[in-house]
Amino acid sequence: MSKIVYIISAAFLMASCGATKSSQSSGASPTIKRTKPSVPGDPRFIDGISMTPGEEGPSDPNHPNTGWFGSPAESKAAGVYGNIENSTELHFKYAVLLDQPVEYLTNLSLLQFIEDWYGTRYRFGGNTKQGVDCSGFTCNLSNSVFGKTLPRTAREQYEAAQKIPVEYLQEGDLVFFNTRGGVSHVGIYLANNKFVHASTSNGVIISDLNEEYYRKRFIGAGRL
C-alpha cells in the first residue's frame, strides 16, 4: 500500500514541476516583428500594429502616407517635393511640355509667368506683351520670378553672368546662343534641357537645347 502511495506521489510531483516550468516560459515577453505594407504607399492600416515613439510616421515628410509625390530618394535628388493635393492643371500641362514628372514642378510662379507670356510675338527692342525680344523677356522673367535685375542686352547679360558648365544648369540660369554673330540670343533654363525664350519666328516658346538649330549655336551658360 505504501509503495502505491509513493508512486502516485512521485507522479504528482513530476506533473507539478512540468506545469511550473511551462507556466514560467509562457510568461516571457514575446518578440514582435513590425511589418510594412506590401505595396509602397499603401495607405491602409494593419490591425494590431502600433507606432512607437521616434518611428517614422505620417508627420515625417518622407512617409509614404503623406501624399507626397515620388520616392524619398527621388525627391531628395531633385531637391523638391510635390504634393498631389496642391497640383493644378498648369503643373500637368508643363510636366508634358518639359517632359518632367509633375512632382518636380514646384515653382508655380514661374509656370504662371510663362503661361501669361507664352506666344507673345517677337519685337526687336520690345519689353511688353505687345512684343518682346529675347533679352527683354529674360529681364522680365528674372525680375518677376527670381527677383534678379539683369542688364538689358544678351551680350551684357553674358558678360555679367558667372559662366557654368552645361551639366550644372539649374532652373533660372541663362543660356546663350550665337544666331547672327557674337552673343545674339538668350533664354532662361527650366529643366531637362528645356529653356524658355522669345524666338524671332515663334515668339515666347519653350525649346530644347538638343534641337539641332540651338545645339549648333549654343555658346555657353551663365548664372547671376
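Everything below is about the structure printed above this text.
Residues numbered from 1 in each chain as written. Predicted model: local features only at pLDDT ≥ 70, side-chain atom pairs only at ≥ 80, totals over all residues. Heavy atoms only, no water.

Chemist: Pulling in residues and values, what's your account of helix 5 (residues 134-146)?
Modeler: Owing to its 3.6 residues per turn, the α-helix aligns residues three or four sequence positions apart on the same side. The end-to-end C-alpha distance of helix 5, which contains 13 residues, comes to 17 Å, matching closely the 18 Å that a straight helix rising 1.5 Å per residue would cover. Most of helix 5 is tucked away, with ten of its 13 residues classed as buried. Considered for burial, the residues of helix 5 that qualify are Cys 134, Ser 135, Gly 136, Phe 137, Thr 138, Cys 139, Asn 140, Leu 141, Ser 142 and Val 145. One or two positions beyond helix 5, positive phi appears at Gly 147, with a value near 70 degrees. (Helix = DSSP H or I, 4+ residues; strand = E, 2+ residues; numbered from the N terminus. Expected span 1.5 Å × (residues − 1). Buried < 20%, exposed > 50% of the residue type's maximum accessible area, 1.4 Å probe, protein only.)

Chemist: Quick rundown of the pattern of salt bridges? Include the residues and the values.
Modeler: Evaluation of the coordinates by the stated rule reveals five salt bridges. Here Asp 173 and Arg 223 are joined by a salt bridge, their closest N and O atoms 2.8 Å apart. Of this pair, Asp 173 sits in the loop between strand 3 (162-164) and strand 4 (174-177) while Arg 223 sits in strand 8 (residues 218-223), and the two are 50 residues apart along the sequence. Owing to a relative accessible area of 3%, Asp 173 belongs among the buried residues under this scheme. Glu 212 is the salt-bridge partner of Lys 216, the closest N and O atoms lying 2.8 Å from each other. With Lys 216 and Glu 212 both in helix 7 (residues 212-217) and four residues apart, the pair spans about one turn of that helix. (Salt bridge = Lys/Arg side-chain N within 4 Å of Asp/Glu carboxyl O.)

Chemist: Quick one: what's the story with the pairing of strand 8, residue by residue and with numbers?
Modeler: With three bridges joining them, strand 3 and strand 8 adopt antiparallel strand pairing. Residue Lys 163 lies in a different strand from strand 8, and its bridge partner there is Gly 222. Here strand 4 pairs with strand 8 via four bridges, running antiparallel. Residue pairing for strand 8: Phe 176 is matched across the bridge by Gly 220. (Pairing = 2+ DSSP bridges.)

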